[in-house]
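# Observations on the model geometry
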Amino acid sequence: MKFPASLEKRSKPFWIIVGLILAAEIGILDFLSGHELAFSLFYLFPISLVTWFANRRTAIVLAIMCAWVWFVADVAAGSSYSHYFIYIWNTLICLSFFMVTVLLLSALKRALAREKLLTLIDHLTGAVNSGRFYDLVQVEIDRFQRHKHPFTLIYIDIDNFKAVNEKLGYPIGDQVLCAIVRYAQKHLRKIDVIARLDGDKFGLLLTKTSQGSACIVLAKFQCGLLQEMKRNNWPVTFSIGVVTCNTSPSKTNELMTMVDELMYSVKRGSKNAVKYASYTG
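Residues numbered from 1 in each chain as written. Predicted model: local features only at pLDDT ≥ 70, side-chain atom pairs only at ≥ 80, totals over all residues. Heavy atoms only, no water.

## A few points about the packing of aromatic side chains
- Per the counting criterion, the structure on display carries eight aromatic pairs.
- An angle of 80° between the planes, with centres 5.1 Å apart, marks the rings of phenylalanine 14 and tryptophan 15 as edge-to-face.
- Classification of phenylalanine 14 by relative accessible area gives partly exposed; the value is 32%.
- Geometrically, the ring pair formed by tyrosine 43 and phenylalanine 98 is tilted, given 6.0 Å between the ring centres and 55° between the ring planes. Linking tyrosine 43 in the loop between α2 (12-32) and α3 (44-53) with phenylalanine 98 in helix α5 (residues 85-118), this pair joins segments that are 55 residues apart in sequence. (Phe/Tyr/Trp six-rings, centres within 6.5 Å; stacked < 30°, edge-to-face > 60°. Buried < 20%, exposed > 50% of the residue type's maximum accessible area, 1.4 Å probe, protein only. Helix = DSSP H or I, 4+ residues; strand = E, 2+ residues; numbered from the N terminus.)

Dropping the structure here:
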């Protein structure tokens, strides 16, 4: 798995250059082999590489170039046909073959990307799922080790959510969950992350955010969220635990356990409150 992953890390210009070099080399071999040996199939290799690792538009340009190279090599190798139109016809057939390959590979790549995205997203709310959230927290931990920017982790539990499901029905409960995610996506920064962790529990990751900044952000966020619930006559509040990292933890689980305990300490108490802590190692 490491080898394909390393290929993905290469830049698009790298793959474009590789595609051009391979197309040129195949064209030279096509010419040197003469008109009796067909080399058109080998042009698909650089075209496929550029389609997969660069983009479709560049791959289409390369496909046109490969068809032209094939045409030049065919003429230069001394191929002789009964009519000059046969050169054009063969080239167009070759180009069509290349184009179909580009379009099919592009469609496959988009389909795989969509499937991958679905494995990272909660299907009901559109928030990231718990697995993806843990990965993003680990990325933030790694970033902290390099740049020393503090970040804040927030754990939110919906108070009285069970009563909503029982009294108002599960469809209303689903609406509550979706409304929370929509509100977060609308009022938090694009670089912040909201995740549905388990049932009625959500996680927030505020990047480059100190505890002081987190207090300001969360005060507005909690107030707005409560107003949103009240406006829809949903009798829920929120128990929230907040941990700001000023020292890099060794593992994601260490942070998640800490913020989970904070949230549950609020849950066992008055509920509808926020409890803060700093991770200092």
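There's plenty left to go through after this.
## So, the pattern of salt bridges
- In the structure shown here, the tally under the stated rule is eight salt bridges.
- Here arginine 196 ties to aspartate 122 by a salt bridge, and the two come within 3.4 Å at their closest N and O atoms. Taken together, the residues span a long stretch of sequence, with arginine 196 in strand β2 (residues 193-198) and aspartate 122 in the loop between α5 and α6 (130-147) at a distance of 74 residues. You'll find arginine 196 and aspartate 122 in the same group, each marked buried.
- In this structure, the salt-bridge partner of aspartate 192 is arginine 189, at a minimum N-O distance of 2.7 Å. (Salt bridge = Lys/Arg side-chain N within 4 Å of Asp/Glu carboxyl O.)

## Comments concerning the nonpolar core
- In this structure, Ile158, Val176, Phe221, Met229 and Phe238 are the most contacted members of the largest nonpolar core, which totals 28 residues.
- With seven residues, helix α8 (residues 170-187) is the largest single contributor of residues to this core.
- Ranked by size, the runner-up nonpolar core spans 22 residues in total, among them Val243, Cys245, Leu262 and Tyr279. (Core = buried A, V, L, I, M, F, W, Y, C linked by side-chain atoms within 4.5 Å.)

## Overview of the side chain of asparagine 165
- Its place among the elements puts asparagine 165 in helix α7 (residues 161-168).
- Residue classification places asparagine 165 among the buried positions, given a relative accessible area of 13%.
- Dropping the residues within four chain positions of it, asparagine 165 is found in contact with Tyr170 and Gly173. (Contact = heavy atoms within 4.5 Å.)

## Remarks on the sheet that holds strand β4 (residues 237-245)
- As summarised here, the arrangement of the five strands in space is β2-β3-β1-β4-β5, forming an open sheet in which the pairing is mixed. Edge positions in the open sheet fall to β2 and β5 (274-279), since each of these has one partner strand only. Across the sheet, the axes of successive neighbouring strands diverge by a mean angle of 20°, strand direction being ignored.
- Of the pairings in the sheet, the one linking β4 to β5 comprises six bridges and is parallel in character. Directly across from isoleucine 240, in β5, lies its bridge partner valine 274.
- Here helix α9 (residues 211-231) sits on the sheet and contacts β1 (151-159), β3 (201-206), β4 and β5; the angle it forms with β4, its principal contact strand, is near 165°. (Pairing = 2+ DSSP bridges. Axes fitted to C-alpha atoms, helices over the stretch in contact; angles between N-to-C directions.)

## What to know about the pairing of β2
- The buried count for β2 comes to five of six residues, which makes it a mostly enclosed element.
- Across five bridges, β2 lies against β3 in antiparallel orientation. Residue pairing across strands places valine 193 opposite leucine 205, the latter belonging to β3.

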